[in-house]
Amino acid sequence: MKAALCVVTGHESHVAGLAKRLRAIDRMECEAMGRSAGRALCHGLAASAQVWTVMVGGEPHAMFGVVVESAAAGDAIPWFLGSDLVARHGRAMIELGPAVISAMHGHGARLRNFVSSDNRQAIRLLERWGFSVEHEQVVMRGVAFRRFIRESK
């Protein structure tokens, strides 16, 4: 039986444990963006208007956040980094999406960021959450990324 997911406010005490557990593809995305997993999580926590941690069995297994890019333009940058364990909770993650996405839209009408073209699981989840994932690729530090975007209705 799978342990239940619990969503709490993100906290710096969650960073070290989660950084050790990140999926390999999430680590690769962080490195292609110029940061180690730990530094990416610290940066996300510090720069975000709101951050959530997904706990499984009392341990941090994912973090979500939203960075306000331009309040005047209504642009915000959503981000998500997770472990293999949280990735195995697909149904729960799909169900979690609407509340988190709604909260993110409270910080920006247009949510957009990049996802590795090889991160098929994340792309499927983004699409289930109502994001459009572009087909055009942008290469950063040798890694192909695709932009994803969602406009509030």
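Just so we're clear, the structure is a prediction, and the values are computed from it rather than from any experiment.

Q: In this structure, what is going on with the nonpolar core? I would like to understand it.
A: Soluble globular proteins tend to bury their nonpolar side chains together. In terms of nonpolar packing, the biggest core is built from 22 residues, with Phe 64, Met 104, Leu 111, Val 115 and Phe 131 touching the most fellow members. Listed by contribution, the elements that provide at least two residues to this core are β2 (50-56), β3 (59-70), α5 (90-105), β5 (110-116) and α6 (120-128). No other element matches the 5 residues that α5 contributes to this core. Leaving out residues up to four positions away in the same chain, Leu 111 has contacts with Val 66, Ala 76, Pro 78, Ile 101, Met 104, His 105, Phe 131, Phe 148, Ile 149 and Arg 150.

Q: So what exactly am I meant to see when it comes to the pairing of strand β4 (residues 75-82) here?
A: On a regular strand, one side chain projects to one face of the sheet and the next to the other, so that they alternate. When you tally the buried positions in β4, you get 6 out of 8 residues, the bulk of the element. Direction of pairing for β3 relative to β4: antiparallel, over a ladder of 8 bridges. Residue pairing in the sheet places Val 67 in a bridge with Ile 77 of β4. The turn linking β3 back onto β4 is made up of 4 residues, and Gly 74 within it adopts a positive phi angle of 80 degrees. In terms of strand pairing, β4 meets β5 through 2 bridges, oriented parallel. Paired with Asp 75 across the bridge in β5 is Arg 110.

Q: Can you walk me through the sheet that holds strand β6 (residues 132-140) in this structure?
A: Think of a sheet as strands paired side by side through backbone hydrogen bonds, with each pair either parallel or antiparallel. Taken in spatial order, the 7 strands line up as β1-β2-β3-β4-β5-β7-β6 in an open sheet, and their pairing is mixed. Among the strands making up the open sheet, the edge pair consists of β1 (5-9) and β6. Strand-to-strand, the axes of this sheet are offset by a mean angle of 25 degrees, without reference to chain direction. Alignment of β5 against strand β7 (residues 143-151), held across 7 bridges, turns out to be antiparallel. Following the sheet pairing, Arg 110 is matched in β7 by Glu 151. Each of β1, β2, β3, β4, β5 and β7 is contacted by α5, which is oriented at about 30 degrees to β3, the strand it contacts most. Where α6 meets the sheet, its contacts fall on β5, β6 and β7, and the angle it forms with β5 comes to roughly 160 degrees.

Q: Can you walk me through the layout of surface pockets in this structure?
A: Rolled over the atoms, a probe with the dimensions of a water molecule shows which regions are left empty. Estimated volume of the largest pocket: approximately 1000 Å³. Along the wall of the largest pocket there are 42 residues; nearest its centre are Pro 78, Trp 79, Phe 80, Asn 113 and Phe 114. Partitioned by chemical class, the residues of the lining of the largest pocket number 27 nonpolar, 6 polar and 9 charged.

Q: Would you explain the environment of Ala 122 in this entry?
A: You can see Ala 122 is positioned in helix α6. Taking C-alpha positions, Ala 122 is 12 Å from His 89, a pair spaced 33 residues apart along the chain. Setting aside anything within four residues of it in sequence, one finds Ala 122 in contact with Arg 23 and Val 115.

Rules and cut-offs
Residues numbered from 1 in each chain as written. Predicted model: local features only at pLDDT ≥ 70, side-chain atom pairs only at ≥ 80, totals over all residues. Heavy atoms only, no water. Core = buried A, V, L, I, M, F, W, Y, C linked by side-chain atoms within 4.5 Å. Buried < 20%, exposed > 50% of the residue type's maximum accessible area, 1.4 Å probe, protein only. Helix = DSSP H or I, 4+ residues; strand = E, 2+ residues; numbered from the N terminus. Contact = heavy atoms within 4.5 Å. Pairing = 2+ DSSP bridges. Axes fitted to C-alpha atoms, helices over the stretch in contact; angles between N-to-C directions. 1 Å grid on protein atoms, 1.4 Å probe; cavity = no way out; pocket = protein on both sides within 12 Å on 5 of 7 lines; lining within 4 Å. Points joined across faces, edges and corners; volume = space filled by probe spheres on them. Nonpolar A, V, L, I, M, F, W, Y, C, P; charged D, E, K, R; others polar.

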